[in-house]
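The residues making up each chain are set out below.
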Amino acid sequence: MTAVQAQQPIPLLDNFEAIAPRIAAAPHVGLFLDFDGTISRIVPVPQDAEVDSDITAPLQALADRPEFTVSIVSGRALADVRERAGLENAIYVGNHGLEIEARDVRFREPDAEALRRELRCLLLQLKLALSETDGLEIEDKGLTLSVHFRRVAEQLQDWTRSVTCSTVSRSRSFACREGKMVLEVFPRVDWHKGRAVKWITREVLPSSPLLIYLGDDISDEDAFAAIHEGITIRVGGLSDTAAQYSLPDVAAVGLFLKWLDHAKPHASRANLQRAGR
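A brief report on the enclosed structure follows. The shown structure was predicted, so the numbers you read here are calculated from the model rather than taken from an experiment. (Residues numbered from 1 in each chain as written. Predicted model: local features only at pLDDT ≥ 70, side-chain atom pairs only at ≥ 80, totals over all residues. Heavy atoms only, no water.)

## Here we look at the packing of aromatic side chains
- Applying the stated criterion to the full structure yields 7 aromatic pairs.
- Measuring from centroid to centroid gives 4.5 Å for Phe 16 and Trp 259, while their planes differ by 20 degrees, and the two rings are stacked. Remark: Trp 259 occurs in helix H9 (residues 250-263) and Phe 16 occurs in helix H1 (residues 16-25); sequence separation between them is 243 residues. Of the two residues examined, Phe 16 and Trp 259, each falls in the buried class.
- Aromatic pair Tyr 213 and Phe 224: ring centres 5.6 Å apart, planes at 90 degrees, arrangement edge-to-face. Here Phe 224 lies in helix H8 (residues 221-226) and Tyr 213 lies in strand S11 (residues 210-215), a separation of 11 residues in the sequence. The exposure classification of Tyr 213 matches that of Phe 224, with both residues buried.
- Pairwise contacts between aromatic rings join Phe 16, Phe 256 and Trp 259 into one cluster.
- A cation over an aromatic ring shows up here: Arg 177 above the ring of Phe 186, its NZ or CZ 4.8 Å from the ring centre. (Phe/Tyr/Trp six-rings, centres within 6.5 Å; stacked < 30°, edge-to-face > 60°. Helix = DSSP H or I, 4+ residues; strand = E, 2+ residues; numbered from the N terminus. Buried < 20%, exposed > 50% of the residue type's maximum accessible area, 1.4 Å probe, protein only. Lys NZ or Arg CZ within 6 Å of the ring centre and 35° of its normal.)

Spelled out as structure tokens, the structure:
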């Protein structure tokens, strides 16, 4: 993870007026949102996750506006998060930034791509080492792995962490990082969510956009650190963060998105016609 300056974020629900002028004046807004824990509530079984019912409509409304570009940035595989989000007119970022699909643009981090075969071997080693662990799920995401232990008995969770990390440490090509009841196994390449945000800003967005990033987990800290002039929002948790602002939970994200739609004036009919909307 990128080295960041940790701080106590400002509660955003009480401070919308602090960011309203910047949003109203921005020529374009690049809105980046993590999936699990940000627009989808954390659930015991990862396959059951879906966009929160109070977020679907306001998020689609923003994605339909020419003044916004919405990107869903997830640790999930890109195809998985696209299917779950089901959002039209969106950019999708999977595997913590290692894969990006934006309109007619497709990106895969080349060094991570080259490690696919080695990752498959590591997957088999982890399955052997953890085969007797009830409630454990190892998710193969093509470019990364996720070892989910939320349903593992509490007395076995430290053992699961130890075995997973020691198995991964024997590989020079991969590293292990803990998230919310999950161990992420990822290639040792110079790429993360923050680099992905910069790539999208450079390759896809109009010039001089205002960037807004919402995320809830440690991998989102790389994005918070990368967005120097934008608005960064940590969802949930009380720990220090590089984000400027905080929202308490997924429900508050829904309120923020509804407010955002009103805070940014809609384009005139002439601008809509020029944008082809």
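## A word on the sheet that holds S11
- Taken in spatial order, the 9 strands of this open sheet run S1-S13-S12-S11-S2-S3-S4-S5-S6, and their pairing is mixed. Each edge of the sheet is formed by a strand with only one pairing partner; in this case those strands are strand S1 (10-11) and strand S6 (105-108).
- Relative to strand S12 (residues 231-235), S11 runs parallel, the two being bridged by 4 bridges. Paired with Gly 215 across the two strands is Arg 234, which belongs to S12. (Pairing = 2+ DSSP bridges.)

## Examining the pattern of salt bridges
- Counted by the stated rule, this structure contains 22 salt bridges.
- A salt bridge links Asp 216 to Lys 180; its shortest N-O distance comes to 2.7 Å. With a gap of 36 residues between them, Asp 216 in the loop between S11 and H8 and Lys 180 in the loop between strand S9 (174-178) and strand S10 (182-187) connect regions that are remote in the sequence.
- Asp 216 sits in the buried class, given a relative accessible area of 2%.
- On the basis of relative accessible area, Lys 180 is assigned to the partly exposed category, the value being 36%. (Salt bridge = Lys/Arg side-chain N within 4 Å of Asp/Glu carboxyl O.)

Take it as geometry only, folks, not as evidence of what the structure does.
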